[in-house]
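Single-letter residue listing:
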Amino acid sequence: MKIRNKFESIKYIKTHHLNYFGEEVFYHTQIADIKKYLDDHLETYYILKDKTRTGGKVYYNLTKEEVYKHIHEYTILGLDVASYNYLDHKVLLGELEFTREMEFTLSGSFAKESNHRNFCEPNIFLKTDLFDRRVKYIPGLNDVIDYVFKHQLFDMIIEFCVYDIPLGVHQEKVVIFEVRTEY
């Protein structure tokens, strides 16, 4: 199976019951559905994305009122809970590729303010195997490795964040942002 883009990634995440924050896609005219989403996801900040093209307009960390203000700028929009709401609970943010041979590559950050868009200089870069003694000393890494095994996420790249509290649609400590089999 090949996962080459964001739409294939979202489909995989949902069909394989992975934990995510709950992005939904709407037409800008679906005001009642957008209101229901916001009422069902009572958070301080949200993300609004253009879903009509790659590299479209994105607003980060909007309040509910700001979401309503910007809806008219889109034809098709993605609405998601912002991970910014949980900065104080972030343990490890990263990208992990784990093979069936028990080898993995991790680029990770412990910086509370980092996200997958400003993830330029990782605090940790590790290319090793499961039996490396350093693994147990990296906060959050065992959580994401357990998650890989539980959901059989081998031979793919996962963008994830480990939190110290359960979050997301399945209330787990590991939240998946994207999966892919190719860069």
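Residues numbered from 1 in each chain as written. Predicted model: local features only at pLDDT ≥ 70, side-chain atom pairs only at ≥ 80, totals over all residues. Heavy atoms only, no water.

Student: Report on the pattern of salt bridges, specifying residues and quantitative values.
Tutor: According to the stated counting rule, one finds 14 salt bridges in the structure shown. For the salt bridge of Lys-36 with Asp-40, the shortest nitrogen-to-oxygen distance reads 2.7 Å. Remark: Asp-40 and Lys-36 occur in helix 2 (residues 31–40); sequence separation between them is 4 residues, near one turn of the helix. Its salt-bridge partner being Lys-64, residue Asp-39 comes within 3.5 Å of it at the nearest N-O pair. In this pair, Asp-39 sits in helix 2 while Lys-64 sits in helix 3 (residues 64–70), placing the two residues 25 residues apart along the sequence. Assessed through its relative accessible area of 34%, Asp-39 is described here as partly exposed. What makes Lys-64 partly exposed here is its relative accessible area of 22%. One continuous salt-bridge network, built from bridges that share partners, spans Glu-95, Glu-159, Glu-178 and Arg-180. (Salt bridge = Lys/Arg side-chain N within 4 Å of Asp/Glu carboxyl O. Helix = DSSP H or I, 4+ residues; strand = E, 2+ residues; numbered from the N terminus. Buried < 20%, exposed > 50% of the residue type's maximum accessible area, 1.4 Å probe, protein only.)

Student: So what about the pairing of strand 4 (residues 76–81)? Which residues, and what values?
Tutor: Burial analysis of strand 4 places 5 of its 6 residues in the buried class, the great majority of the element. One ladder, built from 4 bridges, connects strand 1 (residues 24–27) with strand 4; its direction is antiparallel. The residue of strand 4 that forms the bridge with Glu-24 is Leu-79. Bridge count for strand 2 (residues 46–50) against strand 4 is 5 bridges, and the pairing is antiparallel. Pairing of Tyr-46 across the sheet is with Val-81, part of strand 4. (Pairing = 2+ DSSP bridges.)

Student: Can you break down helix 1 (residues 6–15) residue by residue, with the values?
Tutor: Within helix 1, the full set of buried residues consists of Ser-9, Ile-10, Tyr-12 and Ile-13. Buried residues of helix 1, seen end-on, are gathered within an arc of 165° and therefore sit on one face of the element. For helix 1, the exposed residues set more than 90 degrees away from the buried face come down to Phe-7 and Lys-11. With its phi angle positive at about 55°, His-17 sits one or two positions after the end of helix 1. (Arc of directions from axis to C-beta.)

Student: Quick one: what's the story with the packing of aromatic side chains, residue by residue and with numbers?
Tutor: Counted according to the given criterion, the structure contains 10 aromatic pairs. Between the aromatic rings of Phe-26 and Tyr-37, the centroid separation amounts to 6.0 Å while the plane-to-plane angle is 75°, which identifies the pairing as edge-to-face. Residue Phe-26 is located in strand 1, and its partner Tyr-37 is located in helix 2; the two are separated by 11 residues in the primary sequence. Tyr-37 carries the same exposure label as Phe-26, and that label is buried. Taken together through their ring pairs, the aromatic side chains of Phe-21, Tyr-86, Tyr-163 and Phe-177 make up a single cluster. (Phe/Tyr/Trp six-rings, centres within 6.5 Å; stacked < 30°, edge-to-face > 60°.)

Student: Any details on the side chain of His-70? Residues and values, ideally.
Tutor: Within the fold, His-70 resides in helix 3. We classify His-70 as buried; its relative accessible area is 11%. The residues contacting His-70, other than those within four sequence positions of it, are Leu-48, Tyr-59 and Leu-62. (Contact = heavy atoms within 4.5 Å.)

Student: Provide a residue-level description of helix 4 (residues 141–151), including the pertinent values.
Tutor: For helix 4, the set of buried residues is Leu-141, Val-144, Ile-145, Tyr-147, Val-148 and His-151. The arc enclosing the buried residues of helix 4, seen along the axis, measures out at 155°, which places them on a common side. For helix 4, the exposed residues lying more than 90 degrees away from the buried face are Asp-146 and Lys-150. Summarising the contacts, the buried residues of helix 4 are in contact with strand 5 (90–98), strand 6 (103–109), strand 8 (157–167) and strand 9 (172–180). Backbone geometry just downstream of helix 4 places Gln-152 in the positive-phi region, at approximately 55°.

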